[in-house]
Amino acid sequence: MAAAAASFRSVLQQAQQAAERSGRSAPQIRLVAVSKTKPISVIREVYDAGHRCFGENYVQELIEKAPQLPDDIEWHFIGNLQSNKVKPLLGGVPNLAYVETVDDEKIANHLDGAVANIGRKPLKVFVQVNTSGETSKSGVEPAGCVDLVKHVRSCPNLEFCGLMTIGMPDYTATPENFKTLSDCRSQVCKELGMSEEQCELSMGMSSDFELAIEMGSTNVRVGSSIFGAREYPKKEAQ
Ligand SMILES: *Cc1c(COP(=O)(O)O)cnc(C)c1O
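It should be emphasised that the depicted structure is a prediction, and the values quoted were computed from it without experimental measurement.

**So, the pattern of salt bridges**
A full pass over the atoms with the stated rule returns nine salt bridges. Across the pair Asp-183 and Lys-179 runs a salt bridge whose closest N-O atoms are separated by 3.1 Å. Here Lys-179 and Asp-183 lie together in helix α7 (residues 175-192), a separation of four residues that amounts to about one turn. In this structure Lys-179 comes out as partly exposed when scored by relative accessible area, which is 45%. Members of the salt-bridge network, linked through shared partners, are Arg-21, Glu-210 and Glu-214.

**Focus on helix α5 (residues 105-118)**
With 14 residues, α5 ought to run about 20 Å at 1.5 Å a step, and its terminal C-alpha atoms sit 20 Å apart, in line with that. What α5 keeps buried is the set Ile-107, Ala-108, Leu-111, Asp-112, Ala-114 and Val-115. Projected down its long axis, α5 shows its buried positions confined to an angular sector of 165 degrees, all on one face. Among the exposed residues of α5, those oriented more than 90 degrees off its buried face are Lys-106 and Asn-117. Along its buried surface, α5 packs onto α4 (86-92), β4 (96-102), β5 (123-128), α6 (145-153) and β6 (158-164).

Conventions adopted
- Residues numbered from 1 in each chain as written.
- Predicted model: local features only at pLDDT ≥ 70, side-chain atom pairs only at ≥ 80, totals over all residues.
- Heavy atoms only, no water.
- Salt bridge = Lys/Arg side-chain N within 4 Å of Asp/Glu carboxyl O.
- Helix = DSSP H or I, 4+ residues; strand = E, 2+ residues; numbered from the N terminus.
- Buried < 20%, exposed > 50% of the residue type's maximum accessible area, 1.4 Å probe, protein only.
- Expected span 1.5 Å × (residues − 1).
- Arc of directions from axis to C-beta.
- Contact = heavy atoms within 4.5 Å.

The structure is reproduced here in structure tokens:
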């Protein structure tokens, strides 16, 4: 069996076991295979192993790759998104299912408007939260997440799915980051009268997805454990 497909199967199995340890069933956890910097042929291996959910960080890279792959892939955009890239992203990737990195009203408005212009089905979005307490370009402060979620839910062409965090600026995460995101969900649900099922948690990457699942994650984003190490240091990822 091809290396990426084999790694994918073992990550899936680890995720399933972590789900069971946390008292949930495997179908309640979504595994996003993060394929940034990886070639089409390797993504195809994981697709052929039956997977349909992939994530990319860079607009240009996703626009180039998506048309070369089957259109039943559910793409997650998980990178820093600038307003001027919204139109090319939505126009170039009709099967874009999720944007996980909405961190202010302005980008939410741009996405909402672009979906309306194209006339495609509503776009699912996560609100990205800065759980590190450090100054960082991406993520709304925990204290601002209720207001931003409220705004996203008022956008007719966006479907609010939940909260997302990366963790620390160097792309590692601590249990405190996961706890902070989970606390944000409690606050959002309480203040906006939602149930926890209406607010997913996207947290956990290669090094910590099992812990993240045990702490309530419903959407883990796993790259290098499936596809192998990337050819550049992680801090250049954004
Ligand atoms: C690259 C990336 C991942 C995957 O990281 P790995 O450590 O390779 O699993 C997850 N989430 C985001 C936002 C990323 O940029």
